[in-house]
Amino acid sequence: MNEEQQNWPDAILKSSCLKPLKARLIYENDKVLDYISDDGALFLISDELDPEPSSITIKNFSRLKELNHGYIIFQQDVLMIEGYRMDVSLTKVFSTSDLSLQNFDESFYFKIKEFVKEKYSCDLYPASSRKVCDILLKIEAESLLNPQKIKSLIGFGIGMTPSGDDFLVGLMASLKGSYYFNYFRKIVTKNFYRTNKISGEFLRCAASGEFSATLAGLINAGNFHMSPENYLYDIFKKGHTSGIESLLGFLKGLEIRKKYF
């Protein structure tokens with residue numbers, strides 16, 4: 001194998017909740033390419049990032065961007081970009097399908113509560129959108145047992161992944177393995193149409209029990225009575241407000257478990 005071949009882009013990890021689609025590029029930076037179609041979304045990410053649902057992790061990501069990468073086709077475990085054919089059939093699979101929060105102690109709960117209290121500020125939002133923050137902060141765990149409340153959060157807020165959707169992903173992550181996860185999953189699944197395709201893809205994966213590696217790390221910290229601090233900071237850094245909104249949802253899920261389990 002010559003040096004040119006060694007430096008060619010290669011898929012090294014794929015999400016288990018990927019689905020076939022033909023999609024166009026809607027966002028890119030040095031480490032991410034986001035694609036969208038009527039069928040959903042797919043994310044190509046650098047191997048310098050933690051895996052996400054509906055993502056394919058690419059080695060030599062900069063070489064991938066040198067291709068005419070405005071459109072992709074993903075079907076039958078083949079990713080096609082500008083005629084370049086990437087076989088991902090034998091690529092390692094990233095999945096959190098077997099992971100759920102089985103138990104957590106008071107220390108785990110209070111550390112997350114204090115972190116959210118310290119980091120979640122309405123100053124993170126543009127002045128025109130601070131009402132979003134006010135609404136999320138005022139959510140009581142009990143109110144989430146009302147199906148209409150869950151529906152109202154889908155597609156609510158700002159950003160490529162609206163604030164309410166980020167909240168719901170965190171909520172479902174903390175409740176997975178419980179009756180309440182199935183309860184919320186059914187409501188969310190029936191209401192994907194209320195949000196955009198990018199965010200809907202994260203909700204679709206969450207409803208099937210698939211979450212990011214950072215949320216998976218937080219779940220494992222609870223299960224094994226480890227300090228959650230490092231995972232909290234990693235999640236907090238996601239997006240502009242997405243990380244802290246998902247942590248707020250995760251916290252509300254813990255409060256439901258504390259009160260009703």
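Residues numbered from 1 in each chain as written. Predicted model: local features only at pLDDT ≥ 70, side-chain atom pairs only at ≥ 80, totals over all residues. Heavy atoms only, no water.

Novice: I'd like a description of the layout of surface pockets, backed by residues and values.
Specialist: Unoccupied space between atoms shows up once a probe the size of one water molecule is rolled over them. Taken as a whole, the largest pocket spans an internal volume of roughly 1000 Å³. Around the largest pocket sit 37 residues that line it, and Glu52, Phe202, Lys238, Gly239 and Ser242 are the ones nearest its centre. Elements represented by at least two residues in the lining of the largest pocket include exactly strand E3 (32–37), strand E4 (40–46), helix H6 (163–175), helix H8 (197–207), helix H9 (213–223), helix H10 (229–236) and helix H11 (242–260). Among the elements that line the lining of the largest pocket, the one with the most residues is H11, at four residues. A class-by-class count of the residues in the lining of the largest pocket yields 14 nonpolar, twelve polar and eleven charged. (1 Å grid on protein atoms, 1.4 Å probe; cavity = no way out; pocket = protein on both sides within 12 Å on 5 of 7 lines; lining within 4 Å. Points joined across faces, edges and corners; volume = space filled by probe spheres on them. Helix = DSSP H or I, 4+ residues; strand = E, 2+ residues; numbered from the N terminus. Nonpolar A, V, L, I, M, F, W, Y, C, P; charged D, E, K, R; others polar.)

Novice: Now, about the sheet that holds strand E8 (residues 84–87): what can you tell me, with residues and values included?
Specialist: Strand order across the open sheet formed by nine strands is E8-E7-E6-E2-E3-E4-E5-E1-E9, with mixed pairing between neighbours. Of all the strands in the sheet, just E8 and strand E9 (93–94) have a single pairing partner and so form its edges. Pairing of strand E6 (residues 71–75) with strand E7 (residues 78–81), which is carried by three bridges, proceeds in the antiparallel orientation. By the bridge assignment, Phe74 is partnered in E7 with Leu79. Each of strand E2 (21–28), E3 and E4 is contacted by H8, which is oriented at about 85 degrees to E4, the strand it contacts most. (Pairing = 2+ DSSP bridges. Contact = heavy atoms within 4.5 Å. Axes fitted to C-alpha atoms, helices over the stretch in contact; angles between N-to-C directions.)

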